[in-house]
Each structure stands twice: as structure tokens, then as C-alpha cells.
Amino acid sequence: MPRRKKSAGKHRKAIGALFAFIVIVCIAAAGYLFKDQIVEFLSPPPRADITLVHAAVDSACASLETRKISSSTVDLGDRELPRDRLELPRTSSLLRANLIVTRAVERAGGSISYGIESVDEKRRWQTVTLGVTDGDSLIREVRLEKRLR
């Protein structure tokens, strides 16, 4: 019985190497052609204008039916954070007020970084605290409160 030639294995390796080279060239060409889109996709979104976000929050807070509004600031060391406290009537919805503030912030280009819902120990007050950001840092905090009983 004659021995098999080993040239078939060499051809497979050569074809595999050629295929790998073509794939690498195609990936490099696609990366070069779409480099602007890739950079835009990987870069963080631009920061929102802080004055527009503050104006949007003020407008949203003014549109809500509130019993009492108070504002204060919290010292964070390097800067002060404005904090608003809005007391809503018992008949109003915290969910609806949250939605109004959130939509206003997002239309202005900002975002809500956190939303914390809580009820006090005696179950008298329900609160939702929203952290407003410009896309990079916390710029304001809005606390919506409603008396349960």
C-alpha cells in the first residue's frame, strides 16, 4: 500500500492562514472606514447646560400643585448642592410628580441619577428623592413629599 502524501495538510494550513489574513484585513478596513462612528459610540455623552437643567426643574416644580416649597443648600466640601423640598397635597400622586420632574430634566439634556422612595417609621409621610445630574455630576436634589395620614 502506497503512503499518503503530506501535501494536503500543507494546503489546509496555507488556506487557513490566507483566510485568517483576509479576515484581519477586512476587520482593519472596517475599523478604518467606521472610525468616526466607533469613537462617537465609545465616547461619553456631552454634558447638559446646567442653567437649562435648573430652569427646567424650576418650571416643573412650579407646574406641580404644591402645599409648601422650601429650598436649601448642602455643603459638599468643594461646592454647594441645591436641595428643593416640595410638599404635595394628599390627593396628588408622587408617581405623576416624579414623572413631570424627570421628563423636564431629560428634555433639558440632564438625567436623574437616583430616585429613592421611602416612608417614615410611623407611616405618615411618603417621600421620593431625585438626584439631578448634567450627565457628569450631581447638580441638584429634589425631594417630593406627601402626607399619607
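Predicted model, so just to flag it, every value in this text is computed and none were measured.

Conventions and cut-offs
- What you see as residue numbers is a count from 1 along each chain, following the sequence as written.
- It should be noted that, the model being predicted, local features are given only for residues of pLDDT at least 70 and side-chain atom pairs only at 80 or more, the latter also being counted only at that level, while totals for whole chains, interfaces and linings use all residues.
- Side-chain measures were taken over the full set of non-hydrogen atoms in the model, leaving aside hydrogen atoms and water.
- Throughout, nonpolar core names a set of buried Ala, Val, Leu, Ile, Met, Phe, Trp, Tyr and Cys residues whose side chains join them through atoms within 4.5 Å.
- Each residue's exposure class comes from its accessible area (1.4 Å probe, protein chains only) as a fraction of the maximum for that residue type: buried when under 20%, exposed when over 50%, partly exposed otherwise.
- Secondary structure elements follow DSSP: runs of H or I of four or more residues count as helices, runs of E of two or more count as strands, with numbering from the N terminus.
- Here, residues are in contact when the closest pair of their heavy atoms is within 4.5 Å.
- Only residues whose relative accessible area exceeds 30% and that form no salt bridge enter a patch; like-charged residues are grouped when within 9 Å of one another, and nonpolar side chains (Val, Leu, Ile, Met, Phe, Trp, Tyr) when within 5 Å.
- Where accessible areas are quoted, they stem from the Shrake-Rupley method and a 1.4 Å probe; at the residue level, only the protein chains shown are allowed to cover.
- We define a salt bridge as a side-chain nitrogen of Lys or Arg found within 4 Å of a carboxyl oxygen belonging to Asp or Glu.
- Only the stretch in contact is used when fitting a helix axis, every axis being a line fitted to C-alpha atoms; angles between N-to-C directions are given from 0 to 180 degrees.
- For this classification, under 35 degrees means roughly parallel, over 145 means roughly antiparallel, 65 to 115 means roughly perpendicular, and everything else is oblique.
- Two helices crossing with the near one rotated counterclockwise from the far one by less than a right angle form a left-handed crossing, whereas a clockwise rotation gives a right-handed crossing.
- Strand pairing is assigned whenever DSSP identifies at least 2 bridges connecting the two strands.
- Under this rule, positive means Lys or Arg and negative means Asp or Glu; His and the chain ends count for nothing.
- A charged residue contributes its charge at one atom only: NZ of Lys, CZ of Arg, CG of Asp or CD of Glu.
- Expected helix span is given by 1.5 Å per residue-to-residue step, counting one fewer step than there are residues.
- It is the directions from the helix axis to the C-beta atoms whose arc is reported.

Brief notes about the nonpolar core
Phase 1 of the analysis: Counting 21 residues, the largest nonpolar core has Val 53, Val 132, Val 142 and Leu 144 as the members making the most contacts within it.
Phase 2 of the analysis: Breaking this core down by element, the ones donating at least two residues are helix 3 (50-63), strand 2 (80-88), helix 4 (94-107), strand 4 (125-133) and strand 5 (138-147).
Phase 3 of the analysis: Excluding residues that lie within four positions of it along the chain, Val 142 makes contacts with Val 57, Cys 61, Asp 84, Leu 86, Val 128, Thr 129, Leu 130 and Val 132.

Some words on a nonpolar patch on the surface
Phase 1 of the analysis: A contiguous nonpolar patch, built from Tyr 32, Leu 33, Phe 34, Ile 38, Phe 41 and Leu 42 and spanning about 770 Å² of accessible area, is present on the exposed surface.
Phase 2 of the analysis: Among the secondary structure elements, those contributing two or more residues to the nonpolar patch are helix 1 (7-33) and helix 2 (35-42).
Phase 3 of the analysis: The element that contributes the greatest number of residues to the nonpolar patch is helix 2, accounting for three residues.
Phase 4 of the analysis: Mapped onto the elements, Tyr 32 comes out in helix 1.

Some words on the pattern of salt bridges
Phase 1 of the analysis: Tallied over the entire structure, the rule returns nine salt bridges.
Phase 2 of the analysis: For the salt bridge of Arg 47 with Asp 136, the shortest nitrogen-to-oxygen distance reads 3.5 Å. Of the two residues, Arg 47 sits in the loop between helix 2 and helix 3 while Asp 136 sits in the loop between strand 4 and strand 5, which places them 89 residues apart along the sequence.
Phase 3 of the analysis: Salt bridges sharing partners connect three or more residues here, namely Arg 47, Asp 134 and Asp 136.

What about the packing of helix 3 against helix 4?
Phase 1 of the analysis: Contact pair helix 3 / helix 4: the axes reach a minimum separation of 8 Å and the direction vectors enclose 155°. In terms of axis orientation, helix 3 runs roughly antiparallel to helix 4. In the crossing of helix 3 with helix 4, the sense of the turn from one axis to the other is right-handed. Two secondary-structure elements touch here, helix 3 through Val 53, Ala 56, Val 57, Ala 60 and Ser 63 and helix 4 through Ile 100, Val 101, Ala 104 and Val 105.

Points about the sheet that holds strand 3 (residues 111-119)
Phase 1 of the analysis: Taken in spatial order, the five strands make up an open sheet running 1-2-5-4-3, and their pairing is mixed. Here the strands that pair on one side only, and so sit at the sheet edges, are strand 1 (68-75) and strand 3. Taking each pair of neighbouring strands and ignoring which way they run, the sheet shows an average axis angle of 20°.
Phase 2 of the analysis: Running over the sheet, helix 3 touches strand 1, strand 2, strand 4 and strand 5 and is turned about 10° from strand 5.
Phase 3 of the analysis: Across the sheet, helix 4 is in contact with strand 2, strand 3, strand 4 and strand 5; its angle to strand 4 comes to roughly 5°.

Quick look at the pairing of strand 3
Phase 1 of the analysis: With eight bridges joining them, strand 3 and strand 4 adopt antiparallel strand pairing. Residue pairing across strands places Val 119 opposite Gln 126, the latter belonging to strand 4.
Phase 2 of the analysis: Counted along the chain from strand 3 to the antiparallel partner strand 4, the turn is five residues long, and its residue Arg 123 has a positive phi close to 55°.

Regarding a positive patch on the surface
Phase 1 of the analysis: On the surface, a cluster of positive charge is made up of Lys 122, Arg 123, Arg 124 and Arg 149.
Phase 2 of the analysis: Tracing the backbone through its elements, the reader meets Arg 124 in the loop between strand 3 and strand 4.
Phase 3 of the analysis: Take Arg 124: its relative accessible area is 32%, and that puts it in the partly exposed class.

Observations concerning helix 4
Phase 1 of the analysis: Under the 1.5 Å per step criterion, the end-to-end length of helix 4 is 20 Å for 14 residues, consistent within 8% with the ideal 20 Å.
Phase 2 of the analysis: Within the span of helix 4, buried status applies to Leu 94, Ala 97, Asn 98, Val 101, Thr 102, Ala 104 and Val 105. End-on view of helix 4: buried residues confined to an arc of 160°, all on one side of the axis. Residues of helix 4 that are exposed and angled more than 90 degrees away from the buried face: Leu 95 and Arg 107.
Phase 3 of the analysis: For helix 4, the secondary structure elements touched by its buried residues are helix 3, strand 2, strand 3, strand 4 and strand 5.

Purely spatial values, then, with no claim about function.
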